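Below, each chain spelled out in residue letters.
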Amino acid sequence: QKEVEQDPGPLSVPEGAIVSLNCTYSNSAFQYFMWYRQYSRKGPELLMYTYSSGNKEDGRFTAQVDKSSKYISLFIRDSQPSDSATYLCAMSGSARQLTFGSGTQLTVLP
Amino acid sequence: DTEVTQTPKHLVMGMTNKKSLKCEQHMGHRAMYWYKQKAKKPPELMFVYSYEKLSINESVPSRFSPECPNSSLLNLHLHALQPEDSALYLCASSQGQGATGANVLTFGAGSRLTVL
């Protein structure tokens, strides 16, 4: 079993839809949870990160962490074609090295 | 524009060639990383430099040789590569050990390597 599981998609939604991206993990030592966005042929860029359980909102993006279920989510409201990218979850514990999910490819159709 | 600069953006090399990938950051970060990413896969960690010293080598073949000349620069020297080494090579940096909070990595745009 992989430490971090992420549905690879592809996921295709119409413009304006609410998108839900999810990861599950098995290592209870993970404390920091991140979402990176990667456009085609570019490097990943950090969208947001959370520490421990709870929610964090940044504009149209909301990150949720449920440590009791070992489950994290990224919600995108009012999705735009410019949100079309691969979304990678990543997490780390005290050792601080990141473990990435496999990435979900998202396409938002105009 | 990304604050981690990688050159070249594209590189094509034969299996007998010697080439280098370069990475530069001016954010004062003290940890620098090389990752390898194949299509539709997540980045795989290759090397970590912390305060200019190699701290992690993820059992990478010796045909890949990292170098950290100073705190702002990171090189990856390539020699006798195989076609299966073709991938996107990503450089990243972070504040490094001693920093509190999440170990947030800032990635470069990558160098796309094709080995013929």
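Here, every reference points to the structure presented above.
Only a predicted model underlies this, so the values are computations on that prediction, with no experimental measurement involved.

Let's talk about the sheet that holds strand β1 (residues 4-7) of chain B
All names here are of chain B.
Part 1: The four strands lie next to each other as β1-β3-β8-β7, forming an open sheet whose pairing is antiparallel. Two strands lie at the open edges of the sheet, namely β1 and β7 (64-70), each paired on one side alone. Neighbour-to-neighbour, the strand axes of the sheet open up by a mean angle of 20°, direction not taken into account.
Part 2: By the bridge criterion, five bridges tie β7 to strand β8 (residues 73-79) in an arrangement that is antiparallel. Paired with Phe64 across the strands is Leu78, a residue of β8.

Remarks on the sheet that holds strand β1 (residues 4-6) of chain A
Residue and element names in this part refer to chain A.
Part 1: Strand order in the open sheet formed by five strands is β1-β3-β8-β7-β6, with antiparallel pairing between adjacent strands. Each edge of the open sheet is held by one strand with a lone partner, namely β1 and β6 (54-58). Each strand of the sheet is rotated relative to its neighbour by a mean of 15°, with strand direction disregarded.
Part 2: Examined bridge by bridge, β1 and strand β3 (residues 19-25) share three bridges and lie antiparallel to one another.

Some words on the environment of Leu88(B)
Part 1: Residue placement: Leu88(B) occurs in strand β9 (residues 87-94).
Part 2: The class for Leu88(B) is buried, based on a relative accessible area of 4%.
Part 3: For Leu88(B) and His10(B), which are 78 residues apart along the polypeptide, the C-alpha to C-alpha distance reads 9.0 Å.
Part 4: The contact partners of Leu88(B), leaving out residues within four places of it in the chain, are Gln38(A), Lys42(A), Tyr35(B), Lys36(B), Gln37(B), Ala109(B), Gly110(B), Ser111(B) and Arg112(B).

As for the interface of chain A and chain B
Part 1: On the chain B side, the residues contacting the 18 residues of chain A number 23 residues.
Part 2: Surface buried jointly by chain A and chain B totals about 1600 Å² across both partners, of which 55% is contributed by carbon and sulfur atoms.
Part 3: Taken together, chain A and chain B are joined by zero salt bridges.
Part 4: Along the contact surface separating chain A from chain B lie four residue pairs in polar contact (both at pLDDT 80 or more).
Part 5: Only β4 (32-38) and β5 (45-51) of chain A provide two or more residues apiece to the side of chain A that touches chain B.
Part 6: Per-element tally for the side of chain A that touches chain B: the top contributor is β4(A), with four residues.
Part 7: Taken together, the residues that form the side of chain A that touches chain B break down as nine nonpolar, six polar and three charged.

Reading the values: rules and limits
- Residues numbered from 1 in each chain as written.
- Chains lettered and ligands numbered in written order.
- Predicted model: local features only at pLDDT ≥ 70, side-chain atom pairs only at ≥ 80, totals over all residues.
- Heavy atoms only, no water.
- Pairing = 2+ DSSP bridges.
- Helix = DSSP H or I, 4+ residues; strand = E, 2+ residues; numbered from the N terminus.
- Axes fitted to C-alpha atoms, helices over the stretch in contact; angles between N-to-C directions.
- Buried < 20%, exposed > 50% of the residue type's maximum accessible area, 1.4 Å probe, protein only.
- Contact = heavy atoms within 4.5 Å.
- Buried area = accessible area lost by both parts, 1.4 Å probe.
- Salt bridge = Lys/Arg side-chain N within 4 Å of Asp/Glu carboxyl O.
- Polar contact = N/O pair within 3.5 Å; in protein donor to acceptor, adjacent residues only side chain to side chain.
- Nonpolar A, V, L, I, M, F, W, Y, C, P; charged D, E, K, R; others polar.

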